[in-house]
Each structure stands twice: as structure tokens, then as C-alpha cells.
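So the chains spell out like this:
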Amino acid sequence: MKPDFQPLLKSLSLKTTPKRIALLEILDDEKVYLSPEAIWKKMQKLFRSIGLPTVYRILDELHEGNIISRVLHPDRKLYYYLCRNEEHHHHFICVSCNKVEDLHFCAEKEIETLVVKGMKGKVLSHILQINGLCSRCLTEQVPAHG
Ligand SMILES: [Zn+2]
Ligand SMILES: [Zn+2]
Ligand SMILES: [Zn+2]
């Protein structure tokens, strides 16, 4: 079933435009994170004259609205991912095949203790992303013996 992104955009006071919807649907189809260029290529199939700056602009708007998340890759390029799991959680990303898995782990209490008791500060938010290799990539990278 196709999700209805219209209420989501409306809640951010963003107009429901075909381009915003198309971009969300492209990301929603994927269980991997995509680069703006890869998203642009897919968008061009629907909107032939769309430019990369437009794709960047929509990605920025949706990221600011917390609809999509930015993936910080060790290659220092930015990627985007759409997760519809609304519970607080973090992501495990495979740096090899771009797969994203939900990680139901959070060190919130430990961080809070360190900051409040140790530093006498206050936590406002936190970002946690685990970079690694998924089980499939790990198996493929093991050199064959014999
Ligand atoms: Zn992988
Ligand atoms: Zn997620
Ligand atoms: Zn957390």
C-alpha cells in the first residue's frame, strides 16, 4: 500500500507538489540510503527537465522537517534515507551495500548521566549512527580458503 504523504507535508506547511511526493515515494521504496545524484536519476524518469539543485532543495526541506534522515557516510558524502518507524531508534548502515537496518538500542540514559552529572550540562538531542558491514557483505568479504 502506498503511504499518503500529503498529511505529512501539510503538517510542515509544505505544499503537496508532485515532485515532493515523487521524491518521498522513491525513498520509501528503498531499504538503502541514496545519494542526491541517484535520487536525481530516478526523478528524471518522471520529470525530464528537473535539475539537481531542485532535488537538493527538496531533500533539504524534507530533512529540515524530519521526514527523511541524513546518513553520514565515512566517504564524507551525504546520503538520504526515509524511515517510517516513528519510535525513537537509531540506524545501522552498511558502508558497502548501502543497506539500512533499524537498531532498537539507545544509550540515552548513559549519555544523560554523563552530561548532567559529569559535565553539569543539559542534553538537547543526540545523533547515533552505527557504520558497519551487514551480514551478507561480511560473508562476501571473507577470503575463500583452500
Ligand atoms: Zn551490506
Ligand atoms: Zn529506522
Ligand atoms: Zn537514541
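Residues numbered from 1 in each chain as written. Chains lettered and ligands numbered in written order. Predicted model: local features only at pLDDT ≥ 70, side-chain atom pairs only at ≥ 80, totals over all residues.

### Considerations on the pairing of strand E4 (residues 100–103)
Okay, so step 1: As judged from the four bridges shared by strand E3 (residues 90–94) and E4, these two strands associate in the antiparallel manner. Of the residues in E4, the one forming a bridge with Ile93 is Val100.
Okay, so step 2: Joining the antiparallel neighbours E3 and E4 is a turn of five residues, in which Asn98 adopts a positive phi near 70°. (Pairing = 2+ DSSP bridges. Helix = DSSP H or I, 4+ residues; strand = E, 2+ residues; numbered from the N terminus.)

### A few points about helix H5 (residues 108–118)
Okay, so step 1: Counting buried residues along H5, only zero of its 11 residues qualify, which leaves the element largely exposed.
Okay, so step 2: Once H5 finishes, Lys120 follows within two positions and takes phi at roughly 55°, a positive value. (Buried ≥ 20, exposed ≤ 12 C-beta atoms within 10 Å, placed from the backbone.)

### Quick notes on the domain arrangement of the protein chain
By a widely used convention, the size of an interface equals the accessible area lost when the partners come together.
Okay, so step 1: Here the domain parsing of the protein chain yields domain 1 (1–84) and domain 2 (87–146).
Okay, so step 2: Relative placement of domain 1 and domain 2: their C-alpha centres are 23 Å apart.
Okay, so step 3: Contact with domain 1, which involves eight residues of that partner, is made by seven residues of domain 2.
Okay, so step 4: Its residues assigned to classes, the side of domain 1 that touches domain 2 shows six nonpolar, one polar and one charged. (Domains from an automatic or database assignment. Contact = placed C-beta atoms within 7 Å. Nonpolar A, V, L, I, M, F, W, Y, C, P; charged D, E, K, R; others polar.)

### Comments concerning the sheet that holds strand E5 (residues 129–132)
Okay, so step 1: Spatially, three strands are ordered E4-E3-E5 in an open sheet, and the strand pairing comes out mixed. Edge positions in the sheet fall to E4 and E5, since each has one partner strand and no second. Neighbour-to-neighbour, the strand axes of the sheet open up by a mean angle of 25°, direction not taken into account. (Axes fitted to C-alpha atoms, helices over the stretch in contact; angles between N-to-C directions.)

### What about the packing of helix H2 (residues 18–28) against helix H3 (residues 36–44)?
Okay, so step 1: Where H2 contacts H3, the axes come no closer than 10 Å and their chain directions differ by 120°. Here H2 lies oblique to H3, going by the angle between them. Like other packed secondary-structure pairs, H2 and H3 cross with a definite hand, here right-handed. Between H2, through Ala22, Leu23 and Ile26, and H3, the contact on the second element is made entirely by Ile39, Lys42 and Met43.
Okay, so step 2: Residue composition of the contact of H2 with H3, by class: five nonpolar, no polar and one charged. (Parallel < 35°, antiparallel > 145°, perpendicular 65-115°, else oblique. Left-handed = near helix turned anticlockwise from the far one by under 90°.)

### Quick word on unusual backbone geometry
Okay, so step 1: Positive phi, normally seen in glycine, also occurs at Asn98, with a value near 70°.
Okay, so step 2: Within the secondary structure layout, Asn98 lies in the loop between E3 and E4.
Okay, so step 3: Positive phi values are uncommon outside glycine, yet Lys120 reaches one of about 55°.
Okay, so step 4: Following the sequence through the fold, Lys120 ends up in the loop between H5 and E5.

### A short note on the packing of H3 against helix H4 (residues 52–64)
Okay, so step 1: In the contact formed by H3 and H4, the axes pass within 9 Å of each other and the chain directions differ by 115°. As far as their axial angle goes, H4 and H3 are roughly perpendicular. In this structure, H3 meets H4 at a crossing whose hand is right-handed. In this structure, H3 contributes Pro36, Ile39, Trp40 and Met43 to the contact, and H4 contributes Leu52, Val55, Tyr56 and Leu59.
Okay, so step 2: When its residues are assigned to classes, the contact of H3 with H4 shows eight nonpolar, no polar and no charged.

### Some words on H3
Since the α-helix packs 3.6 residues into each turn, any two residues three or four apart lie on the same face.
Okay, so step 1: Buried within H3 we find Ile39, Trp40 and Met43. Each buried residue of H3 sits inside an arc of 105° when the element is viewed along its axis, so together they form one side.
Okay, so step 2: At its buried positions, H3 is contacted by H2, H4 and strand E2 (78–81). (Arc of directions from axis to C-beta.)

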